[in-house]
Amino acid sequence: MTNKTPIEHAKENSNGLKSNIANEIENRITQTMDNESYSVAKNFGLYMQDNRDRRLIREHKKLEMDYHYKARLVHPTGYFTAEEFTTVFDAVNLQSASSLAGLKISNRQTFQIYGITKPTMKKTLQLLDTVNIKSGVGGDLVANIALCSYSSCSKEFDQISKMVYEMADMFEYKSSPYNEIFLDKKSENTEDNKFYGTNLLPRKLKIAITIPPHNEVDALTNDIAIIAVHSDETNSKLMGYNVLIGGGMGVMYDNIDTYAQLAKPFAYVEKDQILQTVMEIAKVQRDNGNRSDRNQARVKYTIRDMGFNTFKSEVAKNLDFELQEIKEFDLTERNDNLEWVVDTNNTWSKTIFLQKGYLEDYQDYKAISALLEITKLKLANIRVTGQKNIRIVEILPDNKKQVDEILAKYNVKNEYFTQNEQIALACNGLPSCPLALSESSRFLSTFVKNIQEIQEKTNIGDKQLSIRVSGCPNACARTYSAEIGLTGVYPNIYSLWLGGNDKGTRLGKLYKSNIHEDDVLKELQSLFKDYSLEKDKLSFGDYCHETLMFEN
């Protein structure tokens, strides 16, 4: 293909993803890497960032920007043993000298370690390797595969989880360069990367699996959404999977050829056919995705350019079975259940709310101290949820009382946060993300509280609203699927999106563009007054969807 992007050339010329990364890490004169090495390093889950709060003062002092790296951890299904979880915290503690040091939950149901510098990079990744955790699934690979975190929702959850691990293994980039560069291990020749080849995928490919009625992973916002199909409403026997394709949130304000979209029905397949089906979809994307324009490289655009029927026939021709019509399904529950639950294996679980997905204690609500005590005592393992919370799982009945006492000791109580706060999401945004145009995570709490005050004034204070904020139109918080969504345009200036729903099955639309955060609240107050007359009939998202005039 002619006119390949610079990133495509960097991959092609990287000597099997080695590039010059090893030498760049040892260069301590600067915290940056050359462009080609940095482009390649993203495929190992390493992203260079700088503390944007310190830019002006460092520029004034003629110093290099305060650069650091974040590491995206590979962990399909979001499940971590107690030992793995505490080791991740030990890895974070290695970054204590960094202004950006910290641990956050990513939008891919795993952890991101912030504040890594060149001197701590290898130490960090080698420590994680002691519990078989790697940094990766960034760049142009299959992203961390998300799975509904409620093992109580299916008697065959373990079988579904096993399938996800098999899928993750199928798409793992068996990386000798990672071992050589970061772990100081000898290179092993492998033929396991034939799927990816020299140039990997045109763009990252996101996959999520959920089990109706749950949808906390926002499955339909992914390139490939997989919905488990059971024999009856008790979810006792797994039959197969509905496959939907072409979801994606990324948008560019100045490019009308980019848009957000939910995944569309593709086919139903039997449970033993799902791995081959997903592999063939990925192959069609690999071979036909746009490599000359990364803004047009996601699956949704490949389907548009090829035509849905052509894309489907390309997938089907290499399958040894017939694709069937989608089975009926209903996704109705997107929010995390914060109460105690008995899972199908007769153990207990409970979801712990983390404000904005930050793994740090918050005022008197010391959730992280509680989680660390529970896991250090090995009373439970954890699952990261799609809503950026942590579910403590596999608590034996004899240990439930002790876990409950620890949570009480650290004031981990649901009533500490309002119902809107408990479901609000934001991307990480400033000060670390280089793409953020406006505040998101640091702005979320104030924004949600202001909305709650307006709700009380307009007599809809009892209504729980889905609120999401992203610092740019990429909408990493899956903002377009919320009832109320903001995407940053300039500092303090946002676009307001309304009309999504609380199930993750409908996208909102652009209501107002380029408005100040104060004017957003004024707009909402006016809408809430009108909605108060309809609140007993419709959700706020449904009200906006059915009654408002939108810009787009």
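Residues numbered from 1 in each chain as written. Predicted model: local features only at pLDDT ≥ 70, side-chain atom pairs only at ≥ 80, totals over all residues. Heavy atoms only, no water.

Caption draft 1: Layout of the pattern of salt bridges. In total, this model carries 30 salt bridges according to the counting rule given. One salt bridge connects arginine 54 with aspartate 66, and the closest N-O pair in it is separated by 2.9 Å. Taken together, the residues span a long stretch of sequence, with arginine 54 in the loop between β1 (46-50) and α4 (55-60) and aspartate 66 in the loop between α4 and β2 (67-74) at a distance of 12 residues. For arginine 54, a relative accessible area of 34% puts it in the partly exposed group. In this structure, arginine 478 engages aspartate 218 in a salt bridge whose closest nitrogen and oxygen atoms are separated by 2.5 Å. Linking arginine 478 in the loop between β17 (467-470) and β18 (484-490) with aspartate 218 in the loop between β8 (207-210) and β9 (224-230), this pair joins segments that are 260 residues apart in sequence. The class for aspartate 218 is buried, based on a relative accessible area of 0%. Where salt bridges share partners, they join Glu8, Lys11, Asp140, Arg291 and Arg294 into one cluster. (Salt bridge = Lys/Arg side-chain N within 4 Å of Asp/Glu carboxyl O. Helix = DSSP H or I, 4+ residues; strand = E, 2+ residues; numbered from the N terminus. Buried < 20%, exposed > 50% of the residue type's maximum accessible area, 1.4 Å probe, protein only.)

Caption draft 2: How the structure looks around the sheet that holds β17. With mixed pairing, five strands are arranged side by side in an open sheet as β16-β17-β18-β19-β20. Looking along the sheet, the strands with just one partner apiece sit at the ends: β16 (425-426) and β20 (509-516). Where helix α14 (residues 441-457) meets the sheet, it contacts β16, β17, β18 and β19 (493-498), and its direction lies at approximately 150° from that of β17. (Pairing = 2+ DSSP bridges. Contact = heavy atoms within 4.5 Å. Axes fitted to C-alpha atoms, helices over the stretch in contact; angles between N-to-C directions.)

Caption draft 3: Region of the structure containing helix α6 (residues 118-129). For α6, which comprises 12 residues, the first-to-last C-alpha distance of 17 Å matches the rise-based estimate of 16 Å (1.5 Å per residue) to within 8%. Three or more residues of α6 are buried, namely Lys118, Thr120, Met121, Thr124, Leu125, Leu128 and Asp129. (Expected span 1.5 Å × (residues − 1).)

Caption draft 4: Highlighting the packing of aromatic side chains. In total, this model carries 25 aromatic pairs according to the counting rule given. Ring geometry for tyrosine 362 versus tyrosine 416: centroids 6.3 Å apart, planes at 85°, classification edge-to-face. One end of the pair, tyrosine 362, is in the loop between β13 (348-352) and α12 (367-376); the other, tyrosine 416, is in the loop between α13 (400-409) and β16, with 54 residues separating them in the sequence. Relative to phenylalanine 417, the ring of tyrosine 365 has its centre 4.9 Å away and its plane inclined at 85°; by these criteria the two rings are edge-to-face. Of this pair, tyrosine 365 sits in the loop between β13 and α12 while phenylalanine 417 sits in the loop between α13 and β16, and the two are 52 residues apart along the sequence. (Phe/Tyr/Trp six-rings, centres within 6.5 Å; stacked < 30°, edge-to-face > 60°.)

Caption draft 5: Region of interest: the nonpolar core. Formed by 106 residues in total, the largest nonpolar core has its most connected members in Phe111, Phe171, Phe182, Ile207, Phe311, Leu359 and Ile392. The greatest single-element share of this core, amounting to seven residues, is contributed by helix α7 (residues 157-171). Among all residues touching phenylalanine 311, those that are not within four sequence positions of it are Ile245, Phe266, Ile281, Val284, Val299, Thr302, Ile303 and Met306. (Core = buried A, V, L, I, M, F, W, Y, C linked by side-chain atoms within 4.5 Å.)

Caption draft 6: Molecular detail of the sheet that holds strand β7 (residues 146-147). Spatial ordering of the open sheet is given by β7-β8-β9-β10-β11, a layout of five strands whose pairing is mixed. In this open sheet, the two edge strands, each paired with only one partner strand, are β7 and β11 (264-270). One ladder, built from two bridges, connects β7 with β8; its direction is parallel. Its bridge partner being in β8, alanine 146 is matched across the sheet by alanine 208. Strands in contact with helix α9 (residues 274-288) are β8, β9, β10 (238-245) and β11; relative to β11, the strand with the most contacts, it is inclined by about 145°.

Caption draft 7: Geometry of the pairing of β17. By the alternation rule, side chains of β17 split into Ile467 and Val469 and Arg468 and Ser470, which are all buried. In this sheet, β17 lies alongside β16 in parallel orientation, the contact comprising two bridges. Residue pairing across strands places leucine 425 opposite arginine 468, the latter belonging to β17. Tracing the backbone out of β16, into α14 and back to the parallel element β17 gives a crossover that is left-handed. In this sheet, β18 lies alongside β17 in parallel orientation, the contact comprising four bridges. Across the sheet, the residue bridging to valine 469 is leucine 486, located in β18. (Right-handed = clockwise from strand over helix to strand, strands pointing away.)

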